[in-house]
2 protein chains.
Amino acid sequence: MRLETDPYLTRYAQRVQGMSASEIRALFAVAARPEIVSFAGGMPATSALDMEAVEAVAARVIRETGATALQYGGGQGRPELRRALVEVMDHQGVPAHADDLVITVGGQQALELIAKCFIDPGDIVLAEGPTYVGGIGALTSHQADIRHVPMDADGLQVDLLEERLHALAAEGRRAKFVYVIPNHQNPAGVSMSIERRLRLAELADEHDLLILEDDPYGLLTFNGDTLPSIRSLVPSRVIYVGTMSKTFAPGVRTGWIVAPRPIRDKLVLLREAADLCPSNLTQMVVEGWLTSQPWREQIKRFREVYRDKADTMLGALGDEMPDGVTWTVPVGAFYVWLTVPRGIDTSDLLAKAISNRVAYVPGRGFYADGSGGNQMRLCFSYPEVERIAEGVQRLGELLHAELELVTAVYGDDAPQLRARRTGQASGLGG
Amino acid sequence: MRLETDPYLTRYAQRVQGMSASEIRALFAVAARPEIVSFAGGMPATSALDMEAVEAVAARVIRETGATALQYGGGQGRPELRRALVEVMDHQGVPAHADDLVITVGGQQALELIAKCFIDPGDIVLAEGPTYVGGIGALTSHQADIRHVPMDADGLQVDLLEERLHALAAEGRRAKFVYVIPNHQNPAGVSMSIERRLRLAELADEHDLLILEDDPYGLLTFNGDTLPSIRSLVPSRVIYVGTMSKTFAPGVRTGWIVAPRPIRDKLVLLREAADLCPSNLTQMVVEGWLTSQPWREQIKRFREVYRDKADTMLGALGDEMPDGVTWTVPVGAFYVWLTVPRGIDTSDLLAKAISNRVAYVPGRGFYADGSGGNQMRLCFSYPEVERIAEGVQRLGELLHAELELVTAVYGDDAPQLRARRTGQASGLGG
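None of these values were measured; they are calculated from a predicted model. (Residues numbered from 1 in each chain as written. Chains lettered and ligands numbered in written order. Predicted model: local features only at pLDDT ≥ 70, side-chain atom pairs only at ≥ 80, totals over all residues.)

Help me get a handle on the interface of chain A and chain B, residues and values and all.
At the interface, 54 residues of chain A touch 54 residues of chain B. Looking at the side of chain A that touches chain B, the elements with two or more residues in it are α1 (7-15), α3 (51-69), α5 (106-118), α6 (133-141), α10 (261-275) and α11 (280-292) of chain A. Residue contributions to the side of chain A that touches chain B peak at 11 residues, all from α3(A). Per-class residue counts for the side of chain A that touches chain B are 25 nonpolar, 21 polar and eight charged. (Contact = placed C-beta atoms within 7 Å. Helix = DSSP H or I, 4+ residues; strand = E, 2+ residues; numbered from the N terminus. Nonpolar A, V, L, I, M, F, W, Y, C, P; charged D, E, K, R; others polar.)

Right, dumping it as C-alpha cells:
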C-alpha cells in the first residue's frame, strides 16, 4: 500500500504540532517512496497470511451462502461470528459470552461508539501517556478531557493513577472511565505487569471505576505467553475491545466490544444510527477463517515474524543510537517508543529524517496535552526484516548529527545526555 | 436472512410509538417465520445477483492483490473505486469527479457523517414527509429539528417548501439543509417531477440553500429512464449520497458522498475518527464488479425483477383493498406507501397482521413528528413474486375486518371512506 493513504498517518498528521496536516501528509507521501524505510504506519504484515486459505474461504462464503453474505445483517453482528470470537478470547483467557458482543468496523469504531455512548463534553478520561492516537481522536471528537497517567517499562504506573483518583475525588470529580491498552501498548511497546493489573482491578472496585480495556495485541507476545486481562480480574467493571486486524487482517475491518447487557443495547442502537450494520461478507469471511482454518497456527506465524523484526530493530538500535537516546524493549506486537534528548524536536526532525530515507511518527500525536515532543514511535511490523537495520542506521546517523548540535548548545553535561541506554526507571522519558 | 436481525426493522421499532422497541422486535422476530409474508424489511433481492461472477471477482481480488485487500486503506476510500463510481453516476447523468468522493459504510454512514459535520443541536432540517427512517435516525442523533414538507404523487411539494422557507426567513431562521430522496422515495414510492426538480434548484439559488440529495434508487426506474439529479441542476449547492446497496449488494456496505472540496476534507477527518477507513476487501470487490462485470446488465435484471413484483403488488392491491384505502403507484425501486382511514392505527394493527401471516412497517417510523399513524410502508423487493398476492390478500382481509369496525364507529359517511382509490390530489394521505 502507499503510505499516503494510511489513515493512521493522517490521524497522526492532525495531532502533530508545529506542522500543518497538509505539510505532514506531503511528507508521508514522500515517505511512501520505495527508497525510504518507513517505521511510521502501524500496519501488520499481511504478506505473512496464508492467502490461498483466505481466497478459499471467501470463495466458499459467496458460493455457498452468497445471498446472505451480500444482504443486510443485524446491527449487533452475526451470532455465528460472535460465537467464534468468544473462542478467540478464550484462547487468550478473556471471559465473554456471545450475547455480550457487538461487532464493529475495527477497533476504531468500537472506541468511537463507546465515546459517543459515555462522553459528555468536558468529561474526564484517564489514559496512559502516551496512548493510541485513534483513541485520542475518538475521545476528543466527543470533547473528552483526557488526562494522561505516566507509564514505565511495567506499563501504567498504577500508584500514580491512584494519586490522580484521590486528587479528582478531592475536587469532587470523577473519571468517566480509565482507558488502558495493557498488552504491548501502542505506542509505548510495553505491557502492564501482573502486579499492576491486580492493583488496577482493586482500584476499580475501591473507586467504583469503569475501565475501557483496548486489546489489539494480547495474542502477539513473542513467546506465546498471555497475561491476565483486566476483564478476567473485574469483569463487571470492564468494557473490552478486541479486533481481528492484528491476528488476521485489517482489511476485513472487524473488531468487537464486550459490554454488560444494558450498555451493549445502547451501543447497538448507536451503531445502527452510524452505519446500520457490519458487512455480512467480511463477517462471514472471518467466521470461515476462524471455523475452518488453523488460525492459532497463523497467529504463531505472525509472532515469529514480529519477533524476528523486533530482534533486528533492537539489535540495530543498540548498535546505532548515540548516547542519550533511550527506547523501550517490546516483548510482543509492533512498537518501540524512542526518547531523544530534549533539545531535539521529533516533529521538526521528520523532514530531515525523510530526506535521510527513514520515517517514523513524531511523539506528540500520542498525547492529548502536547507532550512527547522529544519522542517517536518506531513500528517494525511492516518493513521487510532486511530493511530494518538499514532504516535504524539512517536514523542513527541523523540523531548523531543532531546530538552534536545539542551538545554544542547545552554542553557535555546536559542531563539528558547521561540517560541510560535502555529501560526506564521512572517513565518512558519525555 | 432472518428478519429479527434486520437493522432496518430495529430502527423502525425504535420509532414506532405505542409499542416498546422490544415488543416490536418480538413481533418482527415472529414475522421472520416462513409462513409469514413480510413486506417489512427494505431488502434487495440479492438472489437475483450473478453469484458465480461475484465469487470469481472476490477470489481474484484475494489471489492477485490479497496483501493490499487485507491491509488498511485510506480514509477517503480507494481512488480506483472512486473512479469506478464516477462511471456509475455518469450512467445516471450525475456529474462528479473522483477527488470529490468519500467512500462510506453504505448510505447510512454517509448520512451520519453529514449530520455530524453540519448539525448543531436545534438546527432545522427540512425533509420530505414521510422520509427515510435511517435519515431521521442520523439527524436526530445529532439533535436536528426535522420539519417535514408534504409530498404528493409528484414528490416533494416544492410550493409548500417555498412557504416554509419564507416562514423561516420571517422568523430570522434558516434551514441547515433540505434533505430529499428525489427518486422512488423511501418510503413513499414516488419520484419528484422534472418541473419540481427545476423549481427546487431555483429555490436553492434564491434562498442560498444546501441540499442533501440521497439517491439509492435512481437507476431502478422500471422502464430504465432516469430523471435529472438535483446535483446536475445546481452542483455547487448539493451534497450527493449514493450507494451500491441496491444496484449491487448491501453486504459490501459501500456508499459514497460527493461533496465540495472543503466539506469533503472535513468528512474524511470525521470518518477516520469513526472507523479509520473502509474495508479494502469490500472496496476491491466492488471495483472488480464495476470494472470486469456487465454491471449495467445486472441493474437491468434488478429492474425487471422489481417491476414484476411491483406489478403483482399493485394488481393485488386493486383486487383486495377495501374502499377508503389508498396507495402510491411506484415506477421504480421497492416501495408502496399505503394510507388507511384514520380510525385505524397501523402500529396497533401490526400484531393482528402478523397473526394473519403478513407484515409491514407502520408509518410513524417515517416521520419525526409522530405523523403517519394511519399509514404503512409495503416493500415488495424481497418476497418471492408468487407470495406477494398472498400477502396482499391477507392484508386486505384484515383491513376489511378493521373497516367494518371503523364504519360501525363513524358511520358510512366518514369522510375517509370516500377517499379515492389511487393517486392523491393533495398529499399522500395522513
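For the domain arrangement of chain A, give the residues involved together with the corresponding values.
Residue and element names in this part refer to chain A. Here the domain parsing of chain A yields domain 1 (9-49 + 298-413) and domain 2 (71-292). Computed from C-alpha coordinates alone, the two centres of domain 1 and domain 2 are separated by 26 Å. Taken together, the contact pairs 30 residues of domain 1 with 30 residues of domain 2. Looking at the side of domain 1 that touches domain 2, the elements that each hand over two or more residues are α1, α12 (295-320) and β11 (335-339). Among the elements that take part in the side of domain 1 that touches domain 2, α12 stands out by supplying six residues, more than any other. Partitioned by chemical class, the residues of the side of domain 1 that touches domain 2 number 16 nonpolar, eight polar and six charged. (Domains from an automatic or database assignment.)

Would you mind going over the relation of the copies chain A and chain B in detail, with residue names and values included?
Turning chain A through 180° and shifting it by 0.0 Å along the axis lays it on chain B, with an RMSD of 0.0 Å. Here the copies are linked by what is in effect a two-fold axis. Closest approach to the rotation axis within chain A is made by the C-alpha atom of Ala59(A), at a distance of 2.8 Å. Both copies present the same face, since 100% of the interface residues in chain A are matched by interface residues at the equivalent positions in chain B. (Least-squares fit on C-alpha atoms with pLDDT ≥ 70 in both.)

So what's going on with the environment of Gly129(A)? Which residues, and what values?
All names here are of chain A. Mapped onto the secondary structure, Gly129 falls in strand β3 (residues 124-129). By the C-beta count within 10 Å, which is 24 here, Gly129 ends up buried. What Gly129 contacts, discounting residues up to four positions off in sequence, is His148, Val149, Pro150, Met151, Tyr367 and Ser371. (Buried ≥ 20, exposed ≤ 12 C-beta atoms within 10 Å, placed from the backbone.)

Which residues make up the sheet that holds strand β4 (residues 145-152) of chain B, and what values go with them?
The strands that make up a sheet are held in pairs by hydrogen bonds between backbone atoms, and each pair lies either parallel or antiparallel. Residues and elements named next belong to chain B. Spatial ordering of the open sheet is given by β2-β9-β8-β7-β6-β3-β4-β5, a layout of eight strands whose pairing is mixed. Looking at the sheet topology across the chains shown, the edges are occupied by β2 (101-104) and β5 (155-156). Set on the sheet, helix α5 (residues 106-118) makes contact with β2, β6 (175-180), β7 (211-214), β8 (238-243) and β9 (255-258); between it and β9 the angle comes to about 40°. Across the sheet, helix α6 (residues 133-141) is in contact with β3 (124-129), β4, β6 and β7; its angle to β4 comes to roughly 155°. (Pairing = 2+ DSSP bridges. Axes fitted to C-alpha atoms, helices over the stretch in contact; angles between N-to-C directions.)

Account for the nonpolar core, naming residues and giving values.
Membership of the largest hydrophobic core comes to 264 residues, with the highest contact counts inside it found for Ile257(A), Leu378(A), Ile257(B) and Leu378(B). When neighbours within four sequence positions are excluded, Ile257(B) is seen to be in contact with Leu101(B), Val102(B), Thr104(B), Ala110(B), Ile114(B), Ile239(B), Val241(B) and Leu267(B). (Core = buried A, V, L, I, M, F, W, Y, C linked by C-beta atoms within 7 Å.)

Residue-level account of unusual backbone geometry, with values.
Following Gly129(B), the chain continues to Pro130(B) via a peptide bond in cis, the omega torsion being 5°. With respect to the element layout, Pro130(B) can be found in the loop between β3 and α6. Note the cis peptide between Asn186(B) and Pro187(B), where omega equals 15°. Mapping Pro187(B) onto the fold places it in the loop between β6 and α8 (194-206). If you check the backbone angles, Gln143(A) has positive phi at about 65° while not being a glycine.

How would you explain helix α4 (residues 79-91) of chain B if you had to name every residue and give the values?
Residue and element names in this part refer to chain B. In a regular helix each residue adds 1.5 Å, so 13 residues correspond to 18 Å; α4 covers 19 Å between its end C-alpha atoms and thus fits that length. Every buried residue of α4 is listed here: Leu81, Arg82, Ala84, Leu85, Val86, Val88 and Met89. The elements touched by buried residues of α4 are β2, β8, β9 and α11 (280-292). (Expected span 1.5 Å × (residues − 1).)

Break down the sheet that holds strand β2 (residues 101-104) of chain A for me, with residues and values.
All names here are of chain A. The mixed open sheet is built from eight strands, whose spatial order is β2-β9-β8-β7-β6-β3-β4-β5. Looking at strand neighbours, the two that pair on one side only are β2 and β5 (155-156), the edges of this open sheet. As paired strands, strand β7 (residues 211-214) and strand β8 (residues 238-243) are joined by four bridges and run parallel to one another. Its bridge partner lying in β8, Glu213 is registered against Tyr240. The strands touched by α5 within the sheet are β2, β6 (175-180), β7, β8 and β9 (255-258), with β9 carrying the most contacts at an inclination of about 40°.

Can you tell me about the packing of α12(A) against helix α14 (residues 385-410) of chain A, naming the residues and giving the values?
Residue and element names in this part refer to chain A. Packing of α12 against α14 brings their axes to within 9 Å, and their N-to-C directions diverge by 25°. Considered as vectors, α12 and α14 are oriented roughly parallel to each other. As for the relative orientation of α12 and α14, their crossing is right-handed in sense. Along its contact with α12, which presents Asp308, Lys309, Thr312, Met313, Ala316, Leu317 and Glu320, the element α14 presents Val385, Ile388, Ala389, Val392, Gln393 and Gly396. Considering only residue class, the contact of α12 with α14 consists of seven nonpolar, three polar and three charged. (Parallel < 35°, antiparallel > 145°, perpendicular 65-115°, else oblique. Left-handed = near helix turned anticlockwise from the far one by under 90°.)

An account of the environment of Leu126(A) is requested, with residue identities and associated values reported.
Relative to the assigned elements, Leu126(A) resides in strand β3. Those residues in contact with Leu126(A), other than ones at most four positions away along the chain, are Arg147(A), Val149(A), Leu161(A), Arg164(A), Ala175(A) and Val178(A).

So what about the pairing of strand β11 (residues 335-339) of chain B? Which residues, and what values?
Residue and element names in this part refer to chain B. Counting buried positions along β11 gives five out of five residues, so the element sits mostly inside the fold. Every second residue of β11 is oriented toward a common face, with Tyr335, Trp337 and Thr339 on one face and Val336 and Leu338 on the other, all of them buried. The sheet contact formed by strand β10 (residues 326-327) and β11 spans two bridges and is antiparallel. Paired with Trp327 across the two strands is Leu338, which belongs to β11.

Got a sec to walk through the confidence of the model for chain A? Specific residues and values, please.
Reading fine detail from the predicted coordinates is not recommended where pLDDT is low. Residue and element names in this part refer to chain A. A residue-level look at chain A finds 90% of positions with pLDDT of 70 or above and a mean pLDDT of 91. Contacts from residues 1-5, a stretch scored under 50 in pLDDT, to residues over four places away or in other chains number 17 contacts. This stretch, residues 417-426, has a pLDDT under 50; its non-local contacts, to residues over four places away or in other chains, come to 19 contacts. (pLDDT = per-residue confidence, 0-100.)

Lay out the packing of α3(A) against helix α3 (residues 51-69) of chain B with the relevant residues and their values.
For the pair α3(A) and α3(B), the least separation of the axes is 9 Å and the interaxial angle reads 170°. Classed by the angle they form, the pair α3(A) and α3(B) counts as roughly antiparallel. Mapping the contact onto sequence places Met51(A), Val54(A), Glu55(A), Ala58(A), Ala59(A), Ile62(A), Arg63(A) and Gly66(A) in α3(A) and Met51(B), Val54(B), Glu55(B), Ala58(B), Ala59(B), Ile62(B), Arg63(B) and Gly66(B) in α3(B). Of the residues in the contact of α3(A) with α3(B), the class split is 10 nonpolar, two polar and four charged.

So, the environment of Gly324(B): which residues are in play, and what are the values?
Along the polypeptide, Gly324(B) turns up in the loop between α12 (295-320) and β10. Residues Gly324(B) and Arg342(B), 18 residues apart in the sequence, show an inter-C-alpha distance of 9.7 Å.

Could you give an account of the pairing of β7(A), naming the residues involved and the relevant values?
Residue and element names in this part refer to chain A. Taking every second residue as pointing to the same face, both faces of β7 are buried, with Ile211 and Glu213 on one and Leu212 and Asp214 on the other. For β6 and β7, the ladder comprises three bridges, and the chain directions are parallel. Pairing of Val178 across the sheet is with Ile211, part of β7. At this point the chain moves from β6, through helix α8 (residues 194-206), to the parallel β7, and the crossover so formed is right-handed. (Right-handed = clockwise from strand over helix to strand, strands pointing away.)

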